[in-house]
Amino acid sequence: MAQAARGGKRVAPRAKRRKKGRSPLLLPGILAVVVVLLLGVKLGLERFSTAGGETREKHPAPEWVTKEYLPVNPFSRPGTGLEEVNGVVVHYVGNPGTTAEQNRSFFAGLAEQTEGAENTVSASSHFLIGLDGEIIQCIPLDEWAYCTGERNRDTISIECCHPDDGGAFTDATYQSLLRLVRWLQEEFDLDGEQIIRHYDVTGKECPRYYVQHPEAWEQFKADLEQTGT
């Protein structure tokens, strides 16, 4: 009887040990799922940019560029991924005497339109260069801007302010444009032929001065080769 009792006691502990033996296999599985979920959240946060511009980017702009990202919206920052960069397109804002900040505010205000309504406007650019040479970045360099028609999909756009209807840039704007374009060329391995005017894509008179004075555009391209950042 005593032996039977001892045998009975041995059976129960062994059964419990077998049940416990499965838990070490479950724990790593649970941890793996948690890790995968956390990685997904991390990657999502790295890709997502807030209206204030907090983001981790593959191509962060230099410190001499001010980031003031537009809120994600259908009209000026759709959030569409820019998979490759095959060029830089130079524009003029078309609003004589306005500042970079004023034009950035215009782009931001487009977000207040109602999707599906008539006569909505879509417009934006990656960069704005002001009359005093200040540079504002409106959109990360891995997203589309609404600026260059069919070339939105593979170009970086730069809008430049100008003091009058003629569209000529101030010297400060011009020097900042040279500096920014050269940085973009280095960052995306672009040659001089990949630096173009809006006019070269759509035929629009933009940037006006460089459409009306093609020799000035050729001079810009020549200066671009000689100017360092």
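See the structure above.
Examining the nonpolar core
Core analysis: the biggest nonpolar cluster contains 31 residues, and Phe 127, Ile 158, Leu 177, Leu 180, Leu 184 and Phe 220 have the highest contact counts within it. Counting residues per element, the ones that place at least two in this core are strand E2 (87-92), strand E3 (127-129), strand E5 (155-160), helix H3 (171-188) and helix H6 (214-226). In terms of residue count, H3 provides more of this core than any other element does, eight residues in total. The contacts of Ile 158, once residues within four sequence positions are left out, are Val 88, Val 89, Val 90, His 91, Phe 127, Ile 129, Leu 177, Leu 180, Val 181 and Leu 184. Residues Leu 70, Phe 75, Val 93 and Ala 108 belong to the second largest nonpolar core, which totals 14 residues.

Some points on H6
With 13 residues, H6 should reach 18 Å at 1.5 Å per residue; the first-to-last C-alpha distance of 19 Å fits that figure. Listing the buried residues of H6 in full gives Ala 216, Trp 217, Phe 220, Lys 221, Asp 223 and Leu 224. Down the axis of H6, the smallest arc covering the buried residues is 160 degrees, so these residues share one side. Among the exposed residues of H6, those oriented more than 90 degrees off its buried face are Glu 215, Glu 218, Glu 225 and Gln 226. Where H6 is buried, its residues touch E2, H3, strand E6 (195-197) and helix H5 (208-212).

Let's talk about the sheet that holds E3
Across the sheet, which stays open at both edges, the six strands sit in the order E1-E4-E3-E5-E2-E6 with mixed pairing between neighbours. In this open sheet, the two edge strands, each paired with only one partner strand, are strand E1 (66-67) and E6. Two elements, E3 and E5, share three bridges in a ladder whose sense is parallel. For Ile 129, the partnering residue across the bridge sits in E5 and is Cys 160.

A look at the pattern of salt bridges
Inspection of the entire model under this criterion finds seven salt bridges. The salt bridge involving Asp 154 is made with Arg 151; its shortest N-O contact spans 2.7 Å. Its relative accessible area of 4% is what places Asp 154 among the buried residues. For the salt bridge of Arg 182 with Glu 186, the shortest nitrogen-to-oxygen distance reads 3.6 Å.

What counts as what
Residues numbered from 1 in each chain as written. Predicted model: local features only at pLDDT ≥ 70, side-chain atom pairs only at ≥ 80, totals over all residues. Heavy atoms only, no water. Core = buried A, V, L, I, M, F, W, Y, C linked by side-chain atoms within 4.5 Å. Buried < 20%, exposed > 50% of the residue type's maximum accessible area, 1.4 Å probe, protein only. Helix = DSSP H or I, 4+ residues; strand = E, 2+ residues; numbered from the N terminus. Contact = heavy atoms within 4.5 Å. Expected span 1.5 Å × (residues − 1). Arc of directions from axis to C-beta. Pairing = 2+ DSSP bridges. Salt bridge = Lys/Arg side-chain N within 4 Å of Asp/Glu carboxyl O.

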